[in-house]
Amino acid sequence: MSPEQDSFFEGLYYQYFKRLMVYANTALGDPERAQDVVQDTFHEALRRIDVVSVHENPGGWLMQTLKYKIRESERDRQRQLRRFLSLDTDPRAEMLASVLQTDPLDGVGDAPVLDQLDALLTPEERRLLKRLVFDGAGHLQVAKEFGITVYASQKRLQRVREKLYIAFPERKKKRGR
């Protein structure tokens, strides 16, 4: 990145950060997730600085990118909720039932689900999954708790999901459904 692009990006950040935060917080109703999507928006702007720096309306470009990031965040959140919780039942009862479960899942061996998760995931991976999915924490908050970057938090969640898909292939939602 050239020095001109660096100063352009810095000015863009100072000019638009608060506006984007207000918009994202209003749309999401969660300051931590709002901060995640705004940070992701600026990350995208930095990655595409050559496009943004010559765009006729860089603020509009940022706002449009933020709207896409908000939609993406909501889709991800809904997908996580659908995967890990049944929305027809009380989530706490659902989690308790899975903890107390003694019957194996169809086609998944003899160990209860929690035993399988214990064998499959490290304690840190289980904690990350719990914070992001069940507690609804944002990647920024989890990154601070774990002492890692937001990108590392996202990547770790992706790796946990990949492990779970391998262990529970019948749980993976097919595309187009």
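Residues numbered from 1 in each chain as written. Predicted model: local features only at pLDDT ≥ 70, side-chain atom pairs only at ≥ 80, totals over all residues. Heavy atoms only, no water.

## Quick look at the nonpolar core
Thought 1: Ranked by size, the top nonpolar core spans 18 residues in total, and within it Leu 20, Ala 24, Val 38, Phe 42, Leu 62 and Leu 66 carry the most contacts.
Thought 2: Mapped by element, the contributors of at least two residues to this core are helix H1 (3-28), helix H2 (31-47), helix H3 (49-52) and helix H4 (58-84).
Thought 3: Other than its neighbours up to four places away in sequence, Val 38 contacts Phe 17, Leu 20, Met 21, Ala 24 and Leu 66.
Thought 4: With 17 residues, the next largest nonpolar core counts Val 133, Leu 140, Leu 157 and Leu 164 among its residues. (Core = buried A, V, L, I, M, F, W, Y, C linked by side-chain atoms within 4.5 Å. Buried < 20%, exposed > 50% of the residue type's maximum accessible area, 1.4 Å probe, protein only. Helix = DSSP H or I, 4+ residues; strand = E, 2+ residues; numbered from the N terminus. Contact = heavy atoms within 4.5 Å.)

## Things to note about the packing of helix H7 (residues 123-134) against helix H9 (residues 150-167)
Thought 1: Taken N-terminus to C-terminus, the directions of H7 and H9 make an angle of 105°; their axes are 10 Å apart at the nearest point. Relative to H9, the element H7 lies roughly perpendicular. Where H7 approaches H9, its residues Glu 124, Glu 125, Leu 128, Leu 129 and Leu 132 are matched on the opposing element by Ser 153, Arg 156, Leu 157, Val 160, Lys 163 and Leu 164.
Thought 2: The residue inventory of the contact of H7 with H9, partitioned by class, reads six nonpolar, one polar and four charged. (Axes fitted to C-alpha atoms, helices over the stretch in contact; angles between N-to-C directions. Parallel < 35°, antiparallel > 145°, perpendicular 65-115°, else oblique. Nonpolar A, V, L, I, M, F, W, Y, C, P; charged D, E, K, R; others polar.)

## Notes on the pattern of salt bridges
Thought 1: All told, the structure shown has seven salt bridges when counted by the stated rule.
Thought 2: The partner of Arg 47 in a salt bridge is Glu 44, and the shortest N-O contact between them spans 2.8 Å. Here Glu 44 and Arg 47 lie together in helix H2, a separation of three residues that amounts to about one turn.
Thought 3: When its relative accessible area of 56% is taken as the criterion, Arg 47 is described as exposed.
Thought 4: Note on Glu 44: relative accessible area 15%, which makes it buried.
Thought 5: Glu 125 is the partner of Lys 163 in a salt bridge, and the nearest nitrogen-oxygen pair spans 2.9 Å. Of the two residues, Lys 163 sits in helix H9 while Glu 125 sits in helix H7, which places them 38 residues apart along the sequence.
Thought 6: It is possible to trace a salt-bridge network through shared partners that takes in Asp 40, Glu 44, Arg 47 and Lys 69. (Salt bridge = Lys/Arg side-chain N within 4 Å of Asp/Glu carboxyl O.)

## Focus: the environment of Glu 72
Thought 1: With respect to the helices and strands, Glu 72 occurs in helix H4.
Thought 2: On the basis of relative accessibility, which here comes to 35%, the residue Glu 72 falls in the partly exposed class.
Thought 3: A C-alpha to C-alpha distance of 9.1 Å links Glu 72 and Val 37, two positions 35 residues apart in sequence.

## A few points about H7
Thought 1: The end-to-end C-alpha separation of H7 is 16 Å, in line with the 16 Å expected for 12 residues at 1.5 Å each.
Thought 2: Every buried residue belonging to H7 is among Glu 125, Leu 128, Leu 129, Arg 131, Leu 132 and Val 133, and all of these are buried.
Thought 3: Backbone geometry just downstream of H7 places Gly 136 in the positive-phi region, at approximately 75°. (Expected span 1.5 Å × (residues − 1).)

## Focus on the packing of aromatic side chains
Thought 1: Applying the stated criterion across every chain, the model contains five aromatic pairs.
Thought 2: Between Phe 9 and Phe 42 the ring centres are 6.1 Å apart and the planes differ by 85°, which places this aromatic pair in the edge-to-face class. Taken as a pair, Phe 9 in helix H1 and Phe 42 in helix H2 lie far apart in primary sequence, 33 residues in all.
Thought 3: Residue classification places Phe 9 among the buried residues on the basis of a relative accessible area of 14%.
Thought 4: One aromatic cluster is present, formed by Phe 9, Tyr 13, Tyr 14, Phe 17 and Phe 42 through successive ring pairs.
Thought 5: Its end group placed over the ring of Phe 146, Arg 127 keeps NZ or CZ at 4.0 Å from the ring centre. (Phe/Tyr/Trp six-rings, centres within 6.5 Å; stacked < 30°, edge-to-face > 60°. Lys NZ or Arg CZ within 6 Å of the ring centre and 35° of its normal.)

## Here's the deal with the side chain of Glu 125
Thought 1: The class of Glu 125 is buried, set by a relative accessible area of 17%.
Thought 2: Separated by 2.9 Å, the side chain of Glu 125 and the backbone nitrogen of Thr 122 make a polar contact.
Thought 3: Engagement of the side chain of Glu 125 in a polar contact is seen with the side chain of Lys 163, the distance being 2.9 Å.
Thought 4: Setting aside anything within four residues of it in sequence, one finds Glu 125 in contact with Leu 120, Val 160 and Lys 163. (Polar contact = N/O pair within 3.5 Å; in protein donor to acceptor, adjacent residues only side chain to side chain.)

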